[in-house]
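So you can see what is in the structure, the chains are spelled out below.
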Amino acid sequence: MHYILINVVYKALLCRRTVKIDDSISFSCTMITKMNSIYENDENNINNTNNLDTMLSATIHQYQNPLVLQQTPKPKIIHGEQVLVKVGATGLCHSDLHLVNGDWKKSIPLQLPKIPGHEIAGWIEEIGDSVPEGLLQKGDMVAVFGGWGCGICIQCKNGNEQLCSYTKWPGITVDGGFSEYILVESYRFLIKIEDDGDKSKLSVEELAPLTDAGLTPYRAIKKIRQMLGPGKVIAIMGIGGLGYYAVQYAKILGQTSNIIAFDRQDEKLQLAETAGADVTINTSAYEKQNIKEQVLTATNGRGVDIVIDCVGTESTVYNSIRLLNKGGVLVLVGLFGNQITLPLVPSVINEYSIIGSLWGNYNELREVIDLAKNKIIKHSIQKFPLNRINEVISLLKEGKIIGRAIIVP
Ligand SMILES: [Zn+2]
Ligand SMILES: [Zn+2]
């Protein structure tokens, strides 16, 4: 019985990566044909100077090639719910690397060219005529929520638009934030940042990564927070953009749980310490079999009750499962790899639970922004101008970005 349950959960995880994304793509592709046709008219226009009708964008023209910095047509509002946002900052995520590299071209067949960048914040530039009066005005600072659901399916009505089968993703299935402007499909996908005075001042560069790096681990840890408490041990695997926030949420929601941070780089582990990790372990320093011994030593023999895997490779899953105590939970968040292998017998006899956690929902993003406005979470960001984006992509690939790289157009 337990085996069946684990198997079902595991298969569901695998299916969600392929089937759900495919579903959304087939819908999105028809919706974006119109946008792609704009680029075709612009092919000979790469070096033109900016004017009111164009904007500087970094676009994927061919997989595995550098992004092309070019002037593209500034989008125009074509229906009343849409909002044009002047991009203030966009975070660079590992998912952008997968997209640019073509790693997901089978599950997410993009119609190129495409502007990537899905962690977006900026200011209202123009609003459609169906936006409720007084809701938004030019100049308002906004965070762009990423899962643009249909609004009427069960998932959307439950508030989980990121799980909608018809979700469009800015920077993935439709043009995103590595650009001067982004056309947001509806005002429903924006969160206005009220200016509550100096105490809550949040910069646009701090706001942008909250929409994914700050949001995704928040949902993951909220899912298991009832298991946290005195004497419990939670491990965060991978201290990249997401992991840094994950350590902070483990501290905030963990009710005195002990937090262990794992990474292959000492600089990232130092960052985890500043975020509240009680123990840090450099996984590159040990053979796989010895990591568990290190953990047992560091936790006085307690082991680990929950692992939040912010990486998602064969190796991190292997390490994570081996660390878990009986009844332990592995939460899969990172999408670095393609497939994972679970050891069957230990998974059954120890009653492990494997949970997938995708992105976060709109209200969870509101909560994260509230934490940031009240200075309860910290940020670790490095700013770069849009014209250096290809260099920054190389730095991220080489593991040289500590925290989140933020691209400013
Ligand atoms: Zn991302
Ligand atoms: Zn929906």
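See the structure shown above.
Conventions we followed
Residue positions within a chain follow its written sequence, with the count starting from 1. Lettering of chains starts at A and numbering of ligands starts at 1, both following the order in which they are written. Predicted model: local features are reported for residues with pLDDT of at least 70 only, side-chain atom pairs are reported and counted for 80 or more only, and whole-chain, interface and lining totals are derived from all residues. Only DSSP runs of H or I covering at least 4 residues are called helices, and only runs of E covering at least 2 are called strands; the numbering of each starts at the N terminus. To assign burial, the other C-beta atoms lying within 10 Å of each residue's own C-beta are counted, with C-beta atoms placed from the backbone; 20 or more indicates buried, 12 or fewer indicates exposed, and intermediate counts indicate partly exposed. By definition, residues are in contact whenever their C-beta atoms, placed on the basis of the backbone, come within 7 Å of each other. Among buried residues, those of type Ala, Val, Leu, Ile, Met, Phe, Trp, Tyr and Cys that are joined through C-beta atoms within 7 Å form a set called a nonpolar core. Bear in mind that the domain bounds are from an automatic or database domain assignment. Summarising the geometry, the arc corresponds to the directions from the helix axis toward the C-beta atoms. Two strands qualify as a pair provided DSSP detects at least 2 bridges between them. Between the N-to-C directions of two axes lies an angle of 0 to 180 degrees, each axis being a line fitted to C-alpha atoms and, for a helix, fitted only over the stretch in contact. A helix is expected to span 1.5 Å multiplied by its residue count minus one. Any angle from 65 to 115 degrees is called roughly perpendicular, while one under 35 is roughly parallel, one over 145 is roughly antiparallel, and all others are oblique. Each crossing gets its hand from how the near helix is turned against the far one by less than a right angle, where anticlockwise is left-handed and clockwise is right-handed. Here the term charged refers only to Asp, Glu, Lys and Arg, the term nonpolar to Ala, Val, Leu, Ile, Met, Phe, Trp, Tyr, Cys and Pro, and the term polar to all other amino acids, Gly among them. Think of it like this: strands point away, you trace from the first strand over the helix to the second, and a clockwise trace means the crossover is right-handed.

1. Re the overall build of the protein
So, step 1. Along the backbone of the protein there are 12 helices and 15 strands.
So, step 2. A burial count over the protein gives 45% of its 409 residues as buried.
So, step 3. Long-range pairs, those at least 24 residues apart, make up 71% of the contacts in the protein between residues at least 6 apart in sequence.

2. A look at the nonpolar core
So, step 1. Formed by 105 residues in total, the largest nonpolar core has its most connected members in Ala143, Val144, Ile236 and Ile308.
So, step 2. Counting residues domain by domain, this core receives three or more from each of domain 1 (24-211 + 361-408) and domain 2 (216-356).
So, step 3. With sequence-adjacent residues up to four places away left out, Val144 is seen in contact with Val85, Ile120, Ala121, Pro170, Ile182, Val184, Phe189, Leu190 and Thr211.

3. Re helix 12 (residues 389-397)
So, step 1. Among the residues of helix 12, those classed as buried are Ile389, Val392 and Ile393. Projection of helix 12 onto a plane perpendicular to its axis shows the buried side chains occupying an angular sector of 105°, all on one side. Residues Glu391 and Ser394 are exposed on helix 12 and point more than 90 degrees away from its buried face.
So, step 2. Against the buried residues of helix 12 lie strand 1 (54-59), strand 3 (83-92), helix 2 (94-101), strand 14 (381-385) and strand 15 (404-408).
So, step 3. Looking at the residues trailing helix 12, positive phi occurs at Gly399, about 75°.

4. Observations concerning the sheet that holds strand 9 (residues 258-263)
So, step 1. Taken together, the 6 strands give an open sheet; going across it, the order is 10-9-8-11-12-13, and neighbouring strands pair in parallel fashion. Only two strands of the sheet have a single neighbouring strand rather than two, namely strand 10 (279-282) and strand 13 (353-356). On average, each strand axis in the sheet is inclined to that of its neighbour by 20°, with strand direction left out of account.
So, step 2. As judged from the 4 bridges shared by strand 12 (residues 324-332) and strand 13, these two strands associate in the parallel manner. Along strand 13, the bridge assignment pairs Leu332 with Gly356.
So, step 3. Strands strand 9 and strand 10 of the sheet are contacted by helix 7 (residues 266-275), whose axis makes an angle of about 170° with strand 10.
So, step 4. Each of strand 8 (233-237), strand 11 (304-309) and strand 12 is contacted by helix 9 (residues 314-323), which is oriented at about 165° to strand 11, the strand it contacts most.

5. Digging into the environment of Tyr166
So, step 1. On the secondary structure map, Tyr166 appears in the loop between helix 3 (154-157) and strand 6 (181-184).
So, step 2. Accessibility expressed as a C-beta count within 10 Å gives 19 for Tyr166, which makes it partly exposed.

6. Observations regarding the environment of Ser203
So, step 1. Its place among the elements puts Ser203 in the loop between strand 7 (190-192) and helix 4 (204-207).
So, step 2. For Ser203, a count of 15 C-beta atoms within 10 Å translates into the label partly exposed.
So, step 3. With 81 residues separating them along the chain, Ser203 and Gly122 place their C-alpha atoms 9.8 Å apart.

7. Re unusual backbone geometry
So, step 1. Cis geometry marks the peptide bond from Leu112 to Pro113, where omega comes out at 0°.
So, step 2. Tracing the chain through its elements places Pro113 in the loop between helix 2 and strand 4 (119-127).
So, step 3. Look at Gln64: it is not a glycine, yet its phi comes out positive at around 65°.
So, step 4. Within the secondary structure, Gln64 is located in the loop between strand 1 and strand 2 (68-73).
So, step 5. You can call Gln64 exposed: it has 9 C-beta atoms within 10 Å.

8. Some remarks on helix 6 (residues 241-253)
So, step 1. Taking 1.5 Å as the rise per residue, helix 6 with 13 residues should run 18 Å; its terminal C-alpha atoms sit 19 Å apart, in good agreement.
So, step 2. Taking burial as the measure, the 13 residues of helix 6 include 11 buried ones, the bulk of the element.
So, step 3. When we look at burial in helix 6, the residues that qualify are Gly241, Leu242, Gly243, Tyr244, Tyr245, Ala246, Val247, Gln248, Tyr249, Ala250 and Lys251.
So, step 4. Looking one or two residues beyond helix 6, the residue adopting positive phi is Gln255, at roughly 50°.

9. Examining the environment of Ile236
So, step 1. Turning to its location among the elements, Ile236 is positioned in strand 8.
So, step 2. When the 32 C-beta atoms within 10 Å are taken as the criterion, Ile236 is described as buried.
So, step 3. Residue contacts for Ile236: discarding those within four places in its chain leaves Gly243, Ala246, Val247, Ala250, Ile259, Ala261, Phe262, Ile308 and Cys310.

10. Side note on the packing of helix 6 against helix 7
So, step 1. Two elements in contact, helix 6 and helix 7, have axes whose closest approach is 9 Å; the angle formed by their N-to-C orientations is 30°. Here helix 7 runs roughly parallel to helix 6, going by the angle between their axes. When the axes of helix 6 and helix 7 are compared, the crossing they make is right-handed. Contact residues: Tyr244, Val247 and Gln248 in helix 6; Leu271, Ala272 and Ala275 in helix 7.
So, step 2. Partitioned by chemical class, the residues of the contact of helix 6 with helix 7 number 5 nonpolar, 1 polar and no charged.

11. Notes on the packing of helix 5 (residues 216-224) against helix 6
So, step 1. Packing of helix 5 against helix 6 brings their axes to within 8 Å, and their N-to-C directions diverge by 35°. As helix 5 runs across helix 6, the sense of the crossing is right-handed. Only Leu242, Tyr245, Ala246, Tyr249, Ala250 and Leu253 of helix 6 make contact with helix 5, whose side of the interface consists of Thr216, Pro217, Tyr218, Ile221 and Lys222.
So, step 2. Each residue belonging to the contact of helix 5 with helix 6 can be placed in one class, and the counts come to 9 nonpolar, 1 polar and 1 charged.

12. Description of the pairing of strand 10
So, step 1. Alignment of strand 9 against strand 10, held across 4 bridges, turns out to be parallel. Bridge pairing links Phe262 to Ile281 in strand 10.
So, step 2. As a crossover connection, the stretch from strand 9 through helix 7 into strand 10 is right-handed.

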